[in-house]
Amino acid sequence: MQITFWGVRGSYPVPGAATVRYGGQTSCVEVRSASGDCVIVDAGTGMRQLGNKLAREAGGQPGLYHVLLSHVHWDHIQGLPFFSPAYIPGTRISVYALLTAANELDQVIGGITRHEFFPMPLEAVPAQFDFHQVEPGVDFVIGAFHVTPIALNHPFGSVGYRIDGDGSSVAYVADTAPFDQVLHKQHFLSGPEPLSEDDKLALTAMRDALLARLRGVDTVIYDTHFLPEEYARFPHYGHSTPDQALEMCAQAGVKRLVLYHHAPSHTDDQMDQVAANYLAMGAKIGIEVLTSFEGMSLPIGPEAAR
Ligand SMILES: [Zn+2]
Ligand SMILES: [Zn+2]
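Structural notes, computed from the coordinates. Everything quoted here is computed from the prediction, not taken from an experiment. (Residues numbered from 1 in each chain as written. Chains lettered and ligands numbered in written order. Predicted model: local features only at pLDDT ≥ 70, side-chain atom pairs only at ≥ 80, totals over all residues. Heavy atoms only, no water.)

## Considerations on the overall build of the chain
Summing up its helical and strand segments, the chain has six helices and 14 strands in all. Since a compact globule built from 306 residues should have a radius of gyration of about 19 Å, the 18 Å found for the chain is in line with a globular shape. Projected onto the principal axes, the alpha-carbon positions of the chain cover approximately 50 × 45 × 40 Å. Within the chain, counting contacts between residues at least 6 apart in sequence, those at least 24 apart form 70% of the total. Summed over its atoms, the accessible surface of the chain is roughly 12800 Å², and 57% of this surface lies on carbon and sulfur atoms. For the chain, the distance from the average position of its 19 positive side-chain charges to the average position of its 33 negative side-chain charges is 5 Å. (Helix = DSSP H or I, 4+ residues; strand = E, 2+ residues; numbered from the N terminus. Rg over C-alpha atoms; globule rule 2.2 N^0.38 Å. Contact = heavy atoms within 4.5 Å. Areas by Shrake-Rupley, 256 points an atom, 1.4 Å probe, with all protein chains shown as cover. Lys, Arg positive; Asp, Glu negative; His and termini not counted. Charge placed at Lys NZ, Arg CZ, Asp CG, Glu CD.)

As structure tokens, then:
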């Protein structure tokens, strides 16, 4: 397998002089098998450039595309209307997400292309869209890939994906906070609430399930939006720090961690510091820590992580 990062930011795009090297586009990762099968994980603004590449590769012919959404916050869907293969008649686009009903997902994606927001409504787009609800605990297969959805701790919920293919595996864990307060069913401005015994059990179960899914994964891409001092101010925003991601990887025996979903405020110079600090910190405990940047492409497999 090969993964390529087309957008590595969280929250909103930040093009500009301070983000030239790591990139300013929001969440989008391409996962490709040796046989050429492809899944797209998240549809942030990075998806536009990926779409242009895929359309070129297809030579203007229709194709079948699979898009796994972690959740439908703006930074994970905003590239979808600008995905150029959608404008090639005969193309099919299957969108997978954690929502209560597939028709609700249809309404959400249809909603962002309503005529007030976008010149072409979803029903007029030449590609045919179909929507699939994913459920943590219910695996499914897309071409050469076995996909395992994983519940995460984020305002209104989010889902991570473990993707196995070609005898290797990658996990996409975004967006998520650590598992010490309930976020998946509350608005992020309401802040921390006292935990009931049931909440504590649910959080522990969610963390344990994530750890179990991460065990044996070759490369883990993790939401590391915040630095520790930022996290201390905004623990209820639904994001993690590189330290928290390292702790999860250490517990799961993961050997390679990719920092991802960088805060939009982090400049290239700050990101260089983050990359160097956590590379050194990971090396002490036997974990290779890479910091994602736009255009980064990585082979995935036991031999690649050595
Ligand atoms: Zn996000
Ligand atoms: Zn989010």
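So, next bit.
## A word on the coordination of the zinc ion (ligand 1)
Note on the zinc ion (ligand 1): its protein donors are Asp75 (OD), His76 (NE2), Asp175 (OD) and His261 (NE2). The metal-donor distances range over 2.1 Å. Each of the four donor atoms around the zinc ion (ligand 1) contributes to a set of angles spanning 92 to 168 degrees, which defines the coordination as irregular. Judged by relative accessible area, which is 1%, aspartate 175 ranks as buried. Owing to a relative accessible area of 0%, histidine 261 belongs among the buried residues under this scheme. (Donors = N, O, S within 2.8 Å, 3.2 Å for Na, K, Ca; no water. Tetrahedral: all angles 85-135°; square planar, octahedral: opposite > 155°, others 65-115°. Buried < 20%, exposed > 50% of the residue type's maximum accessible area, 1.4 Å probe, protein only.)

## Some points on the coordination of the zinc ion (ligand 2)
Bound to the zinc ion (ligand 2) on the protein side are His71 (NE2), His73 (ND1), His154 (NE2) and Asp175 (OD), at distances that span 2.1 to 2.6 Å. Around the zinc ion (ligand 2), the four donor atoms sit at angles spanning 88 to 170 degrees, and that spread fits a shape best called irregular. Between the zinc ion (ligand 2) and the zinc ion (ligand 1), a separation of 3.5 Å is found, and both are coordinated by aspartate 175. Separated by 21 residues along the polypeptide, histidine 154 in the loop between β8 (145-152) and β9 (158-165) and aspartate 175 in the loop between β10 (168-173) and α3 (197-214) bring together distant segments of the chain.

## A word on empty space enclosed by the protein
Using a probe with the size of a water molecule, rolled over the atoms, empty space left in the structure can be pinpointed. On inspection of all chains with the given rule, the structure shows two cavities of 30 Å³ or more. Considering only enclosed or pocket space, the largest cavity measures out at about 70 Å³ in volume. Leu80, Pro81, Ala86, Tyr87, Ile109, Ile112, Thr113, Phe118, Leu122, Val125 and Phe129 are the residues that line the largest cavity. Size it by volume and the second largest cavity reaches roughly 40 Å³. In terms of lining, the second largest cavity is formed by Thr224, His225, Phe226, Leu227, Leu259, His262, His266, Met271 and Val274. Taken together, the residues of the lining of the second largest cavity break down into five nonpolar, four polar and no charged. (1 Å grid on protein atoms, 1.4 Å probe; cavity = no way out; pocket = protein on both sides within 12 Å on 5 of 7 lines; lining within 4 Å. Points joined across faces, edges and corners; volume = space filled by probe spheres on them. Nonpolar A, V, L, I, M, F, W, Y, C, P; charged D, E, K, R; others polar.)

## Brief notes about the pairing of strand β12 (residues 256-260)
The element β12 is largely enclosed, with a buried count of five among its five residues. Here strand β11 (residues 219-223) pairs with β12 via four bridges, running parallel. Bridge assignment links isoleucine 221 to a residue of β12, and that residue is valine 258. Pairing between β12 and strand β13 (residues 288-291): four bridges, direction parallel. For leucine 259, the partnering residue across the bridge sits in β13 and is threonine 291. Handedness of the crossover joining β12 and β13 through helix α6 (residues 268-284) is recorded here as right-handed. (Pairing = 2+ DSSP bridges. Right-handed = clockwise from strand over helix to strand, strands pointing away.)

## Re the sheet that holds β8
With mixed pairing, seven strands are arranged side by side in an open sheet as β7-β8-β9-β10-β11-β12-β13. Here the strands that pair on one side only, and so sit at the sheet edges, are β7 (140-142) and β13. Geometrically, the sheet is characterised by an average inter-axis angle of 25 degrees between neighbouring strands, direction not taken into account. Strands β8, β9, β10 and β11 of the sheet are contacted by α3, whose axis makes an angle of about 155 degrees with β8. Each of β11, β12 and β13 is contacted by helix α5 (residues 242-252), which is oriented at about 155 degrees to β12, the strand it contacts most. (Axes fitted to C-alpha atoms, helices over the stretch in contact; angles between N-to-C directions.)

## Some details on α3
Taking 1.5 Å per residue as the helical rise, α3 with its 18 residues ought to reach 26 Å, and the 26 Å between its terminal C-alpha atoms agrees with that figure. Of the residues making up α3, those classed as buried are Asp199, Leu203, Met206, Leu210, Leu211 and Leu214. Projected down its long axis, α3 carries its buried residues within an arc of 130 degrees, all on one side. Opposite the buried face of α3, by more than 90 degrees, sit the exposed residues Glu197, Asp198 and Leu201. Where α3 terminates, the next one or two residues include glycine 216, which has phi positive at roughly 85 degrees. (Expected span 1.5 Å × (residues − 1). Arc of directions from axis to C-beta.)

## Side note on the sheet that holds strand β6 (residues 128-133)
Here we have seven strands laid out as an open sheet, ordered β6-β5-β4-β3-β2-β1-β14, and mixed in their pairing. Lying at the two open borders of the sheet, with one neighbouring strand each, are β6 and β14 (297-299). Taking the axes of each pair of neighbouring strands and ignoring which way they run, one obtains an average angle of 20 degrees across the sheet. Pairing of strand β3 (residues 38-41) with strand β4 (residues 64-68), which is carried by two bridges, proceeds in the parallel orientation. Across the sheet, the residue bridging to valine 41 is leucine 68, located in β4.

This is a description of form; function is not addressed.
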